[in-house]
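Summary of structural features
Read off the chains here:
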Amino acid sequence: MIEDRYVELFDVVKAYPNPFGEAIKVVDGFNLLVKRGELVSVIGHSGCGKSTVLNMIAGLIPITSGGVVVAGNEVSGPGPDRAVVFQAPCLLPWMTCYGNVMLGVKQVYPEATKAERAQMVEYALGAVGLKDSMHRYPREMSGGMQQRVGIARAIALRPKMLLLDEPFGRLDSLTRMDLQDVILNILNVEKITTMMITHDPDEAVFMSDRICMMTNGPGAKVGEVMEIDFEHPRDRAEIMETAEFYEYRRRLLQFLDDCEKEKKARKKAKIV
Ligand SMILES: Nc1ncnc2c1ncn2[C@@H]1O[C@H](COP(=O)(O)OP(=O)(O)OP(=O)(O)O)[C@@H](O)[C@H]1O
């Protein structure tokens, strides 16, 4: 069923040349199916290849072998059906929030009327809580507000898939929680299929429908996939009082700890 295989990564391999010109497979045989409307987090140790996987789905880097299919179309380059939010939003400083969001909308919907485009931009800025600040410039906004603009810019394009690469990585923990709620509220309404990279186990458990745990690189692949069985909409305080939350968290930390041990053992074996 297409709904259950909305995003398909099959036998995905990404190799980069090392300084000696040899091809090193950073990711090797990555297989994952994402259901329509699902939020899947990807977690794994630094450098294992999380961004590499996300960038291949975004079409920002070529796939060495295997394939990625999003909503029935094989990915061969970037496209507005997949919107990416990075750690830093990189807004154009000479444009207001409104102007920054409008830029993409104009490009993707050139046939829309002026009023329709304005509605798309205003809806997206409203969804991230910036209705009253849409005419401010980036320099007049906090890091959290700027990241809200980055999220608005992505959802204004009405993508089939949202790709979040550590979107809260640079924010303090309170702002981080606010923005986690912003994303979840948007997804509750829009049901956009989402992949999010995170380093934060609590964030992964609170937000995800499933968590994909990646093994160490080189040759990284999917290690385990854990289903998170909390209903939507989610209430942070309620969820954090459940025993299940701590059990999910424990399993996640156990996996990361096992990867760390494996990494150390690999290093030691090389030295001896
Ligand atoms: N253009 C490139 N050329 C060569 N090697 C690269 C290139 N881009 C990434 N790599 C290597 O690929 C591996 C995976 O990188 P990637 O950024 O995907 O990891 P990550 O899991 O997202 O890391 P982090 O959690 O630290 O952001 C790393 O060893 C990195 O050095």
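Cut-offs and rules
Residues numbered from 1 in each chain as written. Predicted model: local features only at pLDDT ≥ 70, side-chain atom pairs only at ≥ 80, totals over all residues. Near = placed C-beta within 6 Å. Helix = DSSP H or I, 4+ residues; strand = E, 2+ residues; numbered from the N terminus. Nonpolar A, V, L, I, M, F, W, Y, C, P; charged D, E, K, R; others polar. Pairing = 2+ DSSP bridges. Contact = placed C-beta atoms within 7 Å. Axes fitted to C-alpha atoms, helices over the stretch in contact; angles between N-to-C directions. Buried ≥ 20, exposed ≤ 12 C-beta atoms within 10 Å, placed from the backbone. Right-handed = clockwise from strand over helix to strand, strands pointing away.

Remarks on the site of the ligand
As a structural note, the neighbourhood of the ligand is formed by Tyr16, Val26, Gly44, Ser46, Gly47, Cys48, Gly49, Lys50, Ser51, Thr52 and Gly217. Ranked by the residues each element gives to the shell around the ligand, the list is headed by helix 1 (residues 50-58), at three residues. Looking at side-chain class alone, the shell around the ligand contains three nonpolar, seven polar and one charged residues.

Details of the pairing of strand 1 (residues 7-17)
In terms of strand pairing, strand 1 meets strand 2 (residues 23-34) through nine bridges, oriented antiparallel. Across the sheet, residue Lys14 finds its bridge partner in strand 2, namely Val27. The turn joining strand 1 and strand 2, which pair antiparallel and follow one another in sequence, is formed by five residues; a positive phi near 85° is taken by Gly21. With five bridges joining them, strand 1 and strand 4 (residues 65-70) adopt antiparallel strand pairing.

Thoughts on the sheet that holds strand 1
Judged by pairing direction, the sheet is antiparallel, and its four strands sit side by side in the order 2-1-4-5 without closing on themselves. At either margin of the open sheet sits one strand with a lone partner, and together these are strand 2 and strand 5 (73-74). Both strand 4 and strand 5 contribute to a ladder of two bridges, which runs antiparallel. Residue pairing in the sheet places Val69 in a bridge with Glu74 of strand 5. The strands touched by helix 1 are strand 1, strand 2 and strand 4; relative to strand 2, the strand with the most contacts, the crossing angle is about 65°.

Looking at the environment of Ser51
For Ser51, the location among the structural elements is in helix 1. Residues Ser51 and Cys212, 161 residues apart in the sequence, show an inter-C-alpha distance of 13 Å. In contact with Ser51, not counting residues within four places along its chain, are Asp165 and Ile197.

Regarding the environment of Val69
With respect to the element layout, Val69 can be found in strand 4. Of the residues examined, Val69 has 16 C-beta atoms within 10 Å and is grouped as partly exposed. Each C-alpha atom, one on Val69 and one on Tyr6, is 7.8 Å from the other, the two residues being 63 residues apart in sequence. Apart from residues lying up to four places away in sequence, Val69 is in contact with Glu8 and Glu74.

Quick notes on the pairing of strand 8 (residues 193-197)
In terms of residue burial, strand 8 counts as a mostly covered element, since five of its five residues are buried. In strand 8, alternate side chains face the same way, and those of Thr193, Met195 and Ile197 on one face and Thr194 and Met196 on the other are all buried. Taken together, the four bridges between strand 3 (residues 39-43) and strand 8 define a ladder with parallel strand orientation. The residue of strand 8 that forms the bridge with Ser41 is Met196. The parallel pair strand 7 (residues 161-165) and strand 8 is bridged by helix 5 (residues 173-190), and the resulting crossover is right-handed.

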